Amino acid sequence: MPFWVWLGSIEEGLVYGLTALGMYITFRILSMPDLTVDGTFPLGAAVAATLITAGYPPAVATAAAWAAGCLGGLFTGFLHTKLRITGLLAGILCMSALYSMNLRIMGRSNVPLLRLPTIFRQVEAAGVPYDYVELLVFGAFVVFFIALLHWFLRTEVGHALRATGDNEQMIRSLGVSTDAMKVLGLALANSLVALSGALLAQSQGYADAGMGIGIIVSGLASVIIGEALFRPRGLLSSLIAVVLGSIVYRIAILVALRSGFAPTDLKIVTAMLVVLALSMPAIKDQITAYRNKRAALSARARGVATANAPAAARPKDF
Amino acid sequence: MLRLQHVQKTFNPGASNEKVALRGVSLTIAEGEFATVIGSNGAGKSTLLNVIAGTHLPDAGSIHLGDRDITWMPEHRRAAWIGRVFQDPLLGTAGSMTIEENLAMAAARGRRRRMRLAVNQAMRAHFRDELAKLGLGLEDRLDTRVRFLSGGQRQALALLMAILQRPLLLLLDEHTAALDPRTARQILELTERVVREHRLTTLMVTHNLEHALSMGDRTIMMHEGEAVLDVSGAERAAHTVDSLLQEFARVRGERLVDDKILTTRA
Ligand SMILES: Nc1ncnc2c1ncn2[C@@H]1O[C@H](COP(=O)(O)OP(=O)(O)OP(=O)(O)O)[C@@H](O)[C@H]1O
Ligand SMILES: [Mg+2]
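Computed from a predicted model, the values in this text were never measured in an experiment.

Colleague: Can you help me understand the overall build of chain A in this one?
Modeller: Looking only at helices and strands, chain A features 12 helices and two strands. Helices and strands appear in chain A in the N-to-C order α-α-α-α-β-α-α-α-α-α-β-α-α-α. Once the C-alpha set of chain A is aligned to its principal axes, its extents read approximately 85 × 55 × 35 Å. Here chain A, with 318 residues, has 48% of them falling under the buried criterion. In chain A, 75% of the contacts between residues at least 6 apart in sequence involve partners at least 24 apart. Summing over all exposed atoms, chain A offers an accessible surface of approximately 15100 Å²; the carbon and sulfur share of this is 67%.

And the structure:
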């Protein structure tokens with residue numbers, strides 16, 4: 001495959017990596033799967049595209065998209081903490097409300113950005129070679145947000161957020177409002193997701209109401225693949241693994257397409273990838289257990305008692 | 001220091017599984033007093049601690065800590081003055097975070113959390129000193145995630161976290177019940193030492209009647225949501241495990257008689 005094909009997947013992996021980072025916050029740090037993202041991703045795209053069309057500078061439009069994602073997360077957080085709707089349902093409700101909202105914002109289901117200024121055109125105009133503009137912009141955003149999250153998660157507020165996902169009773173008894181932390185986490189996560197949508201819309205040249213479909217699964221797949229493949233130990237390595245997971249996921253999709261799967265098969269390919277990543281520990285354990293058993297049995301056949309023979313294999317009464 | 005007046009708490013009121021957990025408990029604990037709380041399962045001991053800490057709000061009555069009325073204050077607000085250790089060692093610490101991160105969260109108890117790095121060199125040195133006093137070697141493992149510690153180590157850390165920011169009130173709910181006897185003894189010795197050292201006002205729930213009499217300076221017995229016995233000083237010194245058991249039997253008997261009267265009347 002020519003290099004530019006790989007490059008395309010890496011770029012996609014980076015821009016969707018922002019979504020994956022957001023989902024890492026809710027899914028892993030808050031231990032609260034948040035489905036709002038299917039709505040906030042196109043929300044970011046819609047806000048950015050609409051503002052750019054209206055003549056606002058791309059930077060302003062992108063920042064507004066980020067803020068809109070914040071609001072989306074705040075709303076889910078409000079439903080969840082103040083109205084006590086379960087997290088899953090609150091996310092679904094917010095996501096489906098956002099679908100209508102996005103159509104309202106755009107006024108139609110698709111907003112093209114042809115011949116309009118975008119962040120990418122501006123960076124290109126600043127002298128970056130055309131082929132590397134997207135890599136550079138996406139890469140810069142990813143690096144910036146990884147650094148920001150790595151700092152934030154070690155601040156006092158960041159600790160409180162992590163502890164909320166780990167042990168609510170404990171952190172409340174240490175004086176933190178866990179409701180506030182959940183709202184904060186949801187807002188932060190969805191702001192990243194919307195930003196990711198806003199950047200994707202600008203790079204592909206349009207925003208579409210259907211852009212968010214499947215974002216939950218691909219984001220989750222990225223988080224899980226990253227963890228399974230890179231086994232991160234610390235905070236920073238976890239964040240990096242999530243983005244690398246996103247890149248691996250996009251490359252896997254590319255390979256699947258190239259090897260003859262139709263685009264309509266992508267969902268099942270994704271599902272298989274996630275199952276594979278999730279089941280890796282279980283499969284490994286079974287292989288180890290099988291090997292141990294075989295070793296023990298053959299040792300017994302040779303009449304040797306081994307230290308790691310399973311207890312059941314030893315004689316019951318001495 | 002701590003004053004409860006006619007505190008009542010009923011779970012699931014009106015439902016078939018309605019349960020009166022506290023029926024008008026009034027209790028005053030003086031500053032620096034260390035009281036042990038005993039009572040059979042379901043007597044309302046944990047509920048008592050939970051309404052003081054704000055995990056549950058009472059149905060009626062009032063709770064004052066110092067000169068503040070904390071009856072209706074959210075749990076996370078009153079946490080500024082209350083340190084807690086739970087029965088379950090997993091409950092007192094965040095397993096996915098390191099020892100120093102857990103301690104930093106405890107050091108920030110009752111303060112507004114800020115957007116600045118939670119741990120710095122000075123704090124690290126302070127944590128190391130405090131951990132060294134536990135005598136468990138944890139001072140060299142600041143970067144270890146708490147999930148890798150044993151139950152006893154976690155509970156010792158939880159105790160340190162509860163007192164790190166000198167609380168006005170320390171609440172201990174059977175905090176050694178899940179530990180093996182030797183570790184339990186260590187944690188109890190540690191408890192006595194820190195409570196004495198900082199003259200902490202303390203409520204400690206225990207099922208061990210010996211500890212209930214030997215530790216602290218006052219013993220409260222609960223039964224069916226009421227404080228049925230409250231002894232200190234000479235009166236307490238005269239008590240033995242056997243006399244406490246007799247007391248248990250007596251209140252239980254009285255209750256039975258009461259219930260009989262109620263049922264025959266009804
Ligand atoms: N969250 C709750 N919901 C419903 N009922 C509860 C709840 N918490 C406690 N209870 C009930 O209130 C009563 C008092 O319970 P509590 O936990 O205070 O007892 P305890 O004295 O701590 O007992 P133990 O020695 O077993 O810990 C029990 O009958 C219990 O079933
Ligand atoms: Mg209890």
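That covers the picture; the talk isn't over yet.
Colleague: Explanation requested: the site of ligand 1 in the structure shown.
Modeller: All names here are of chain B. Around ligand 1 sit 14 residues, and of these Asn41, Gly42, Lys45, Ser46 and Thr47 come closest. In the environment of ligand 1, an oxygen atom lies 2.8 Å from a nitrogen or oxygen atom belonging to the side chain of Asn41. Lys45 is positioned such that a nitrogen or oxygen atom in its side chain is 2.7 Å from an oxygen atom of ligand 1. Protein contacts shield 66% of the accessible area of ligand 1, which totals 630 Å² for the unbound molecule. At the level of secondary structure, the elements contributing two or more residues to the shell around ligand 1 comprise β2 (19–29) and α1 (45–53). With three residues, the top contributor of residues to the shell around ligand 1 is α1.

Colleague: Sorry if this is basic, but what is going on with the pattern of salt bridges here?
Modeller: One side chain can pair with another of opposite charge once the charged atoms of both are near each other. In total, this model carries 15 salt bridges over all chains according to the counting rule given. Among the salt bridges present, the one from A:Arg162 reaches B:Glu101, with a minimum N-O distance of 3.0 Å. Of this pair, A:Arg162 sits in helix α7 (residues 156–166) while B:Glu101 sits in helix α3 (residues 99–107), each in a different chain. Across the pair B:Lys133 and B:Glu130 runs a salt bridge, and its minimum N-O distance is 3.4 Å. Of the two residues, B:Lys133 and B:Glu130 both sit in helix α4 (residues 121–134), three residues apart, roughly one turn of that helix. Residue classification places B:Lys133 among the partly exposed positions, given a relative accessible area of 45%. Members of the salt-bridge network, linked through shared partners, are A:Glu168, A:Arg172, A:Lys182, B:Glu75 and B:Arg84.

Colleague: So what exactly am I meant to see when it comes to the packing of aromatic side chains here?
Modeller: Remark: the centre distance and the inter-plane angle together describe each pair of aromatic rings, the angle taken between the planes. Residue and element names in this part refer to chain A. Evaluated as defined, the whole model comprises three aromatic pairs over all chains. A ring pair is formed by Tyr16 and Phe41, whose centres lie 5.7 Å apart and whose planes are at 15 degrees; its orientation type is stacked. Of the two residues, Tyr16 is situated in helix α1 (residues 3–29) and Phe41 in helix α2 (residues 37–53); the sequence distance between them amounts to 25 residues. Each member of the pair, Tyr16 as well as Phe41, is classed as buried.

Colleague: How should a nonpolar patch on the surface be read in this particular structure?
Modeller: A cluster of nonpolar side chains, namely A:Phe144, A:Leu148, A:Trp151, B:Met115 and B:Leu117, defines an oily patch on the protein surface of about 470 Å² accessible area. Positionally, A:Leu148 belongs in helix α6 (residues 133–152).

Colleague: Explain the pairing of strand β7 (residues 169–173) of chain B here, please?
Modeller: Two faces make up the sheet, and in a regular strand the side chains alternate between them. Residues and elements named next belong to chain B. Burial analysis of β7 places five of its five residues in the buried class, the great majority of the element. Neither face of β7 is left uncovered, since the one carrying Leu169, Leu171 and Asp173 and the one carrying Leu170 and Leu172 both have all their residues buried. Sheet analysis places strand β6 (residues 82–85) next to β7, joined by four bridges and oriented parallel. When the sheet's bridge partners are listed, Gly83 is paired in β7 with Leu170. Of the pairings in the sheet, the one linking β7 to strand β8 (residues 201–205) comprises five bridges and is parallel in character. Paired with Leu170 across the strands is Thr202, a residue of β8.

Colleague: Is there a simple way to think about the interface of chain A and chain B in this case?
Modeller: Note on interface size: it is often stated as the accessible area lost on association of the parts. Taken together, the contact between chain A and chain B spans 23 residues of the former and 33 residues of the latter. Summed over both partners, the interface of chain A with chain B buries about 2300 Å², with 59% contributed by carbon and sulfur atoms. On the chain A side of the interface with chain B, the three residues burying the most area are A:Glu156, A:His159 and A:Leu174, jointly 30% of the side's total. For the pair chain A and chain B, the number of links is four salt bridges. The interface formed by chain A and chain B holds 15 residue pairs in polar contact (both at pLDDT 80 or more) in total. Elements with a contribution of two residues or more to the side of chain A that touches chain B: α6, α7 and α8 (168–173) of chain A. With seven residues, the single largest contributor to the side of chain A that touches chain B is α7(A).

Colleague: Before we go on, may I ask you to explain the state of the cysteines in this structure?
Modeller: Linking two cysteines covalently via their sulfur atoms produces the bond known as a disulfide. Going through the model one piece at a time under the given rule, you end up with zero disulfides over all chains. As a non-bridged cysteine, A:Cys94 has A:Cys70 as the owner of its nearest cysteine sulfur, 13 Å distant.

Colleague: Which parts of the structure should I look at to understand unusual backbone geometry?
Modeller: In most cases, non-glycine residues show a negative phi, while peptide bonds are predominantly trans. Residue and element names in this part refer to chain A. A positive phi angle, near 50 degrees, is found at Ser31, a position not held by glycine. Within the secondary structure, Ser31 is located in the loop between α1 and α2. The backbone phi angle of Arg231 is positive, close to 40 degrees, even though this residue is not glycine.

Colleague: Looking at this structure, I do not really get the sheet that holds β8(B). What am I missing?
Modeller: Hydrogen bonds between backbone groups are what pair the strands of a sheet, and the pairing can be parallel or antiparallel. Residue and element names in this part refer to chain B. Read from one edge to the other, the open sheet built from six strands follows the order β6-β7-β8-β3-β9-β10, with strand pairing classed as mixed. Pairing within the sheet leaves two strands with one partner each, and these edge strands are β6 and β10 (226–232). Put simply, the sheet's adjacent strands are angled 15 degrees from each other on average, direction ignored. In this structure, strand β9 (residues 218–223) lies alongside β10, joined through six bridges in antiparallel fashion. Across the sheet, residue Met222 finds its bridge partner in β10, namely Ala227. On the sheet, helix α5 (residues 151–163) packs against β6 and β7 and is oriented at approximately 175 degrees with respect to β6.

What counts, and at which threshold
Residues numbered from 1 in each chain as written. Chains lettered and ligands numbered in written order. Predicted model: local features only at pLDDT ≥ 70, side-chain atom pairs only at ≥ 80, totals over all residues. Heavy atoms only, no water. Helix = DSSP H or I, 4+ residues; strand = E, 2+ residues; numbered from the N terminus. Buried < 20%, exposed > 50% of the residue type's maximum accessible area, 1.4 Å probe, protein only. Contact = heavy atoms within 4.5 Å. Areas by Shrake-Rupley, 256 points an atom, 1.4 Å probe, with all protein chains shown as cover. Near = heavy atom within 4 Å. Polar contact = N/O pair within 3.5 Å; in protein donor to acceptor, adjacent residues only side chain to side chain. Salt bridge = Lys/Arg side-chain N within 4 Å of Asp/Glu carboxyl O. Phe/Tyr/Trp six-rings, centres within 6.5 Å; stacked < 30°, edge-to-face > 60°. Patch = residues over 30% accessible without salt bridge, like charges linked within 9 Å, V, L, I, M, F, W, Y side chains within 5 Å. Pairing = 2+ DSSP bridges. Buried area = accessible area lost by both parts, 1.4 Å probe. Disulfide = S-S within 2.5 Å. Axes fitted to C-alpha atoms, helices over the stretch in contact; angles between N-to-C directions.

The analysis is restricted to geometry; functional conclusions fall outside its scope.
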